[in-house]
Every structure is written in C-alpha cells, then in structure tokens.
Amino acid sequence: MDTYRALYIAESRENHENIVKNLLILENGTDTGAIAEIFRSAHSLKGMSASMGYAGMEKLCHAMEDIFQEIRNDNLEVSSALMDALLSASDKIEAMLDDIEAEGQGMPEDLDERVEALKKWTHKGTSGAIAGSGKGTDEDALQSSLRPGEHRFRISVRLKDGCENRNLRGMIVLQNLEDLGSLEKVSPDRAIVEDGEFDGSFVVDLVSDAGMEAIHTISSITDVQEVSIQDLEIRDESETPSEKTGVSVPGKDAPSRKPAQGEKADKGREVKNIRVDIHRLDQMMNLVEDLVINRGRITQIARRYQIKEMDETLNMIGRSVSDLQNLMMNIRMIPLNHIFNRFPRTVRDIARREGKEVEFVIEGGDTELDRSIMDGLNDPLLHLIRNAIDHGIESPTVREAAGKPAKGTLLLSARRDRDNVIITIADDGGGIDIERVRKKAIERGLISAEAAGALPNDDVIDFLFRPGFSTAEAITDISGRGVGLDVVRTTIESLKGSIKVESTLGKGSRFELLLPPTMAIVTVMMVRINGRRCAIPVHNVVEVASLVQERIHSIGGHEAILLRDEVLPLDRLDDMFGHSEKSEILVVIQQQNRKRTICADSIEGQQEVVIKPLSNVVGICRGISGVTIPGDGEVVPVLDVNSMIKEN
Amino acid sequence: MGRILIVDDTLFMRTLLKNILFSGGHDIVGEAADGDEAITKYQELKPDLVTMDVVMPKVNGIEALKGIRTFDPNARVVMCTAVGQEQMVKLAIKTGARGYIVKPFQAPKVLEEIKNVLGS
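All figures in this text were calculated on a predicted structure; none of them were measured in a lab. (Residues numbered from 1 in each chain as written. Chains lettered and ligands numbered in written order. Predicted model: local features only at pLDDT ≥ 70, side-chain atom pairs only at ≥ 80, totals over all residues.)

Turning our eyes to something else, we now look at the interface of chain A and chain B. Often the size quoted for an interface is simply the accessible area lost on bringing the parts together. Between chain A and chain B, the contact holds 34 residues from the first and 26 residues from the second. When residues of the side of chain A that touches chain B are traced back to their parent elements, those giving at least two are helix 4 (80–101), helix 7 (166–180), helix 9 (212–219), helix 13 (343–354), helix 14 (371–392) and helix 19 (485–494) of chain A. In terms of residues, the side of chain A that touches chain B owes the most to one element, helix 14 of chain A, which gives 6 residues. Looking at the side of chain A that touches chain B residue by residue, the class counts come to 13 nonpolar, 13 polar and 8 charged. (Contact = placed C-beta atoms within 7 Å. Helix = DSSP H or I, 4+ residues; strand = E, 2+ residues; numbered from the N terminus. Nonpolar A, V, L, I, M, F, W, Y, C, P; charged D, E, K, R; others polar.)

Looking now at the sheet that holds strand 11 (residues 508–515) of chain A. Residues and elements named next belong to chain A. Overall, mixed pairing links the 5 strands, which are arranged 6-8-9-11-10 in an open sheet. Each end of this open sheet is capped by a strand with a single partner; those strands are strand 6 (358–363) and strand 10 (498–504). Here the average twist between neighbouring strands, direction ignored, is 10°. Across 6 bridges, strand 6 lies against strand 8 (residues 408–417) in parallel orientation. Opposite E359, over in strand 8, you have T409 as the bridge partner. Helix 13 rests against strand 6 and strand 8 of the sheet, and its axis sits at about 165° to strand 6. Taken strand by strand, helix 14 contacts strand 6, strand 8, strand 9 (420–427) and strand 11, and its axis lies near 20° from that of strand 9. (Pairing = 2+ DSSP bridges. Axes fitted to C-alpha atoms, helices over the stretch in contact; angles between N-to-C directions.)

Residues and elements named next belong to chain A. Position of K439 relative to the elements: it lies in helix 16 (residues 434–443). Judged by C-beta crowding, with 15 C-beta atoms within 10 Å, K439 ranks as partly exposed. Separated by 21 residues in sequence, K439 and V460 have C-alpha atoms that sit 9.8 Å apart. (Buried ≥ 20, exposed ≤ 12 C-beta atoms within 10 Å, placed from the backbone.)

Turning to the sheet that holds strand 3 (residues 201–208) of chain A, a few remarks are in order. Strand pairing in a sheet takes place through backbone hydrogen bonds and is either antiparallel or parallel in direction. Residues and elements named next belong to chain A. Here 4 strands make up an open sheet; going across it, the order is 2-3-1-4 and the pairing antiparallel. What marks the edges here is a single partner per strand, and that holds for strand 2 (181–187) and strand 4 (224–231). Put simply, the sheet's adjacent strands are angled 25° from each other on average, direction ignored. Pairing of strand 1 (residues 151–159) with strand 3 involves 8 bridges; the strand directions are antiparallel. When the bridges of strand 3 are listed, S156 appears paired with V203. Here helix 7 sits on the sheet in contact with strand 1, strand 2, strand 3 and strand 4, set at roughly 10° to strand 3. Contacting strand 1 and strand 4, helix 9 crosses the sheet at an angle of about 155° to strand 4.

V50, M52, V78, M79 and A92 of chain B are the most contacted members of the largest nonpolar core, which totals 103 residues. Among the elements that make up this core, the one with the highest residue count is helix 14 of chain A (8 residues). For this core, the domains that each give at least three residues are domain 2 (149–234) and domain 4 (337–515) of chain A. When sequence neighbours within four positions are dropped, the list of residues in contact with V50 of chain B reads L5, V7, A38, Y42, I68, A75, R76 and V77 of chain B. (Core = buried A, V, L, I, M, F, W, Y, C linked by C-beta atoms within 7 Å. Domains from an automatic or database assignment.)

Bringing helix 7 of chain A into the picture now. Residue and element names in this part refer to chain A. An ideal rise of 1.5 Å per residue puts 21 Å on 15 residues; helix 7 measures up with 22 Å between its terminal C-alpha atoms. For helix 7, the tally of buried residues reaches 11 of 15 residues, placing the bulk of the element in the interior. Residues of helix 7 that are buried include every one of R166, N167, L168, R169, G170, M171, I172, V173, L174, N176 and L177, and no others. (Expected span 1.5 Å × (residues − 1).)

What follows covers the pairing of strand 19 (residues 594–600) of chain A. Residue and element names in this part refer to chain A. Most of strand 19 is tucked away, with 5 of its 7 residues classed as buried. Bridging between strand 17 (residues 566–571) and strand 19 involves 2 bridges; their strand directions are parallel. Each residue of the ladder has a partner; that of L570, found in strand 19, is T597. Where strand 18 (residues 585–591) meets strand 19, 7 bridges bridge the pair, whose relative direction is antiparallel. Within strand 19, the residue paired with V588 across the bridge is T597.

Residues and elements named next belong to chain B. With 98% of its residues at a pLDDT of at least 70, chain B reaches an overall mean of 88. Model confidence for chain B, summarised as mean pLDDT per element, is weakest for helix 4 (residues 86–95) at 85 and strongest for strand 1 (residues 3–7) at 95. If you check the scores for this complex, the pTM reads 0.51 and the ipTM reads 0.80. (pLDDT = per-residue confidence, 0-100.)

A word on the confidence of the model for chain A. Residue and element names in this part refer to chain A. Model confidence for chain A is summarised by a mean pLDDT of 78, while 85% of its residues fall at 70 or above. Within chain A, the lowest mean pLDDT, 39, falls on helix 6 (residues 137–140), and the highest, 92, falls on strand 6. Every residue in residues 125–142 is under pLDDT 50, and counting partners more than four places away or in other chains gives 33 contacts. Across residues 471–482 the pLDDT falls below 50, and counting only partners more than four positions away or on other chains, this stretch makes 34 contacts in the model.

All right, on to the packing of helix 1 (residues 11–23) of chain B against helix 5 (residues 107–119) of chain B then. Residues and elements named next belong to chain B. Two elements in contact, helix 1 and helix 5, have axes whose closest approach is 10 Å; the angle formed by their N-to-C orientations is 65°. Of the possible angle classes, the one that applies to helix 1 and helix 5 is roughly perpendicular. Once helix 1 is placed against helix 5, the crossing between them reads as right-handed. Facing helix 1, whose interface residues are I20, L21 and S23, helix 5 presents A107, V110, L111 and I114. Within the contact of helix 1 with helix 5, the residues separate by chemical class into 6 nonpolar, 1 polar and no charged. (Parallel < 35°, antiparallel > 145°, perpendicular 65-115°, else oblique. Left-handed = near helix turned anticlockwise from the far one by under 90°.)

On to unusual backbone geometry, then. All names here are of chain A. Here the amide bond leading from S187 into P188 is cis, since omega sits at 0°, within 30 degrees of zero. Following the sequence through the fold, P188 ends up in the loop between strand 2 and helix 8 (190–195). A positive phi is found at N530, a non-glycine position, where the angle reads about 50°. Position of N530 among the secondary structure elements: in the loop between strand 12 (521–529) and strand 13 (532–537).

Right, here's the structure in full:
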C-alpha cells in the first residue's frame, strides 16, 4: 500500500498544482480551457482518493468538481468571492496531502465546513445563508450555575476594518479567553468565526473567575479595534439575547457520483523516477571528490615511476571519474521552476492585499541550479518580489496619473550566462529615488555631503544594502526598498553569488542575481606566494599584472599601488605565507566593486577544484574559506576574498 | 522589552527577524534551526517569547509548540507563517500559539504583534 501512496501523493500534487495554476488563469478572465483542466484535475484527484480510501479528500474534490460542472454548464459565474473559496479549498487540499504524506488520513477537523462552504455555491437557490458547521454545540449549552467567585461576562469584540485574517485573530481571542474560563456561547458560531465568514465583530459569553481587567488585556491583541465587557450577573439575567444566528445546514446528501469510472487515459505508468534522500547524494558527492583527489595522486606516482601501462589505464579512469563528477553535478541540479512555481500565488495574495494590479511574468523556469543553492534562494527571492510589489509598483491610480498602464508588470526571469545563472527581478514601478538615498546617507553620517555629491549613483544605491541603513524603521519608505536588503545580499553572497541593482526613477527597478550553478566545484587561479601555493576563486580575480616596484607607495602606513588611474591597497599576505623576496606578479581581486591587490611570485594557471571546508578541529580561519587538494596531494588554502576585503 | 528565542530553519529568516526585533529594542537570547533544538533551548533559556517557523525539518513548528507548552503552559509563542498556510496557523492557534506574523515580514507589523503578545 505504501508504494501506492507515494505514487498517489506525487500525482495528487501534480493535480493540485494544476488546479492552482488554472485557478489563477481563470482569475484573469474566463477561460474554457482552464475550466476543463480544473474539472479534470479535481475529478482525477477525487477518483484516486476514493481508491485510496481517503474519504475527506474525495469529498472536498467532489465539491470542487461539482462547482466546475456548474461553471461549465454556465449555471455559475466565476466571482472573486467564489475564487477565494476555491483557492482556500485548494490550500486545504495541499494541507491534506501533507497530512497524508505524513501517514495521516487527511481528515482535518474543519473539513465538513470547507465542503459545505463549497457546496453552498452549487446550492445557491436552496440556501443563500451562510453555511456553518452543523455541530453548533456551544450554542445549545444551557447556562450552568456559577461556582463561587465566578462571573458570567458578555464580551463584544470588534476587529479593525483592515484586518487581514479575521478568522485567525478571532481564533486567538477565543483561545486566549478560554485560558481564563469556559466559553458558553459564541455568536456568530465559533466555526463561522474560525472560517472568517463574519463581519469582524463577535460576542462571547464567558464564565470565569478572572477580573474584567484581565479579560480586557487578554482580548486586546493585534488588529482588535474595540473590546467591551459586561458582567451579566450584575444586570438583569432575563436580558439574555435571543438573536441566535440562524445556522442553516444545507443538505449533506448532495448527489454522490460514481467514483472515478476508469481514468480516461490509462497511462500504463512505469516507474521512471526514483526519489533519493538528498543526504545520500551529498555522501556520494563526497566520495566522488575523494576519488578525484586520489586519482590525482596515483597519476603523480605513476609519472614518478614511469609506468607506461599504468598511465594509460589512469587516463581511462580519469575520463570515467570526470564523467562521474559531471553526472553527479547534473543529478543535483533541479529546474528553478521548483521554487518559481510557488510565486504566482504569493504575488496574487500580496498584490490583492496591497490593492495593486500586477501582471507576473516568469521566464526561464527550466534553467537548472544546484539544489543546495536553490534551497537558500527561496527566501531572498520572496523578499525581493515582496519589495517590488509593496514599494516598487504603484497603485493603479498613481500609475494612470503617471501615464502608465494601471497594471504593473513584475518580471522574474532566469537564464544561463556562460558558467553562471542570472536571475532577474524587474518591475516597472516607481524606481529608487537616488537623491533621497543620498540625503539619508548624509543624515546618518555615513558619508560627508561633499563626498556624497561626487559619488556615482551605483555607489549610492549600495547604501541600501548596508545593515542598519535599511532596518531602521524611519527609512523603510525610501522609495521603498525596505527592510532586509542587507540580509538578501549576505544570503546571496553566502551562495557565492552577487547582486546588482539598476533603477530609474519613475521607470522601475531591476535586481540581478548572479549565481554559480553549483557551489561544490569552483574555478580557481593557482598562485605561488613565497614558494607555497594558494588558490584564489577566479570570480574574484579582476586582472593580473606585473609588479612594478616603483609604483608602490606608502599611504597612511599601508602600501598601495598605482595601477593605471586607480590607487589600490596592496596586501602582502606575509603572515600567511611568510615574506617573499621575489614577488613579481600583482593580482587584482574584487568583491562588490571594491578592489585590493595582492603580491604573488608566479601564476600556475586555472583549474577546477573541489573546495572542502576547514574541519571543526581547525575552526574558522580568517581569510581562508577552505582548502583544496590538487592532484599532487598537497593541501592548498583557498583565499576568502570576501572577508579579506570586508575586514580592511 | 522582551527576551526572544528565534526558531526558523533558514539562516536568512533568522537574520532578518533578528534585525527587525533588535531594531525594536528586543533582546535575542537564542536561535534554533529546528523544533527539537527549539524545545531544548526553551528549557535552557526560558525566553519571554518565541517566534516559531511552521515548516521545519525533523520536528515542525506545531510539534515544537506542543513540546514547549507541555514544559511551560504559559509559554508565549508567535508563529511565523507564509501566505497561504492559514490551515497550519489555525492548528497552531488551537494548540496554543498566542499570535502570528506573516512572511514576507514587514517590520512594523512584526514589532506590533510581538509587543501585543508580550503585553497580553
């Protein structure tokens, strides 16, 4: 049964994704193709769930299918309220699938309510009232006699108008009150409050020995506009209100269809994919790396003893090993769609909440990236997307006034550029007000007014990435690039990538993330310093020049060199490698537009290496990001240009 | 202001929250990357408030919330949730979470929620 379950889950997820995708299409206008797709997916889901015995899922999908049946027959129109109901039902489906995957039964407590909420759409004629849960037990609980010290309170709570999730806030209030005593009655019904189908106000009867003060404090949570408390015992008992909310329960015996009568296309599915725990892949990768290192050592030995036959065999092994290495790399690569596909929903929700109109375009989702990088990318991307909608794209009225189309465009695209993957997030919103940033930087004492005036725009934008610059609350509205750009940059850099911004005031902003396709293997430049080898990641190397002693100057106790028109600080790395008498080469390194130079004896060339982190025994070593072991078995440190540049 | 324990499996979110909370004058007493660690750290640090991610490897936020509440029934736990995880939040609230904040985070909202929960 377990094997079926895995297949069931995999396919159900596909169907679920298909439903969400098409719902979003449908939201932009009716589309018979999308309607048919959703109907089909809901139907397949229902059928599969029935065969697996997941009755809850079957019921929910059945209700969804019925709705689309009606829509197909033109008996029902797609409204935004219906859309919300459908989207929340599809969220439910996802949650239930999660539960089933965790070996549950996919039977959440509020399932019936959800199903009823959908059914009311297909029963429009018969029950216009709000469908609530049929349980309604609180309601009939008759007033019990009070114990000494206890009071019966009537608490009226009104939530703020702009409150985003009425149901959740309502739930928290009820939950908090329950800590103090027992809830005798909630109106509207608790289930309705939890579903958010109320107008933002509700009344609770609470029996408790707590004081009014305590009740007031515990009810005054975020988004609560007003709480009024009344001690019912003091007033006339007969005043118990009779306005019970009419809870009509639509017929639960909606016509039940035959469970899936044979899926249309019997795909004769054979297992072509297997799922492997990612840790096993990591282990495998490690072994391949060891293999690469040891092959190098054997090659050296063979060369030393001049064994011709062995050389030939080693060549063959070499080829296999590098094929194996490439294969391992490819296995770990997954298409960016993996995370991109989650964004349309997020964009929709944020845009709706902010009252913006956004056309979200995704390009190049099939571009592949190493899984370990992908993992770290979701949150920064989410953050940038959020920023773009929140602060970049203006509200429709502002846009129209500026002569732009009311609907803003947000582009998320990925492409391969030689060895890198470039992800772009571009909006056609208001852009960054560079002058305001400049002003803020001066106000905050980050730069003097004269220096700021001369600073190129790119460097000004760089301030937005400074920690503290962005988190300070007062500036979160700097044309909006709000909290946390510094964190975005740090995260991207920890993935060995970089981030670039271009922005035109009034026209929009464009964030470009440059990422290596994989982190495990890096191209480095091997240099010798004082006879010892050192590896510098190639993406940090700007250029190599010969060292002209006469150009070295001492500025403020530190050496610097004049290279063409630039004055660059010069580092000798003596404490790492010892002083060298024959430094002849100058290597210019760079991180985020900041350059430094280091001296080396000679350059040995470029090569692809596997970087191993320093072991726990050694701990963190400043200036070194790890070690690599080339063919000859020597341990070579890899320079951590990022920390070198930051610390100076 | 409060002594806060941050629980989230991504360094990114932890750092972001830390920055926000720090700017609000709170004291970050610890961080945990999964539910297990969260429970251990809670017992060790006894913070005033915990921000708890819902989806985490090994032990998820809901389970961790349960664990913390068995140790301290009055624990103040605020759930961190992404858009569209409403069901999970409902479950969390039923389990005893005192509040929630929605990713992607907005600093003023986060601080307001934390203040309210600390005050209740």
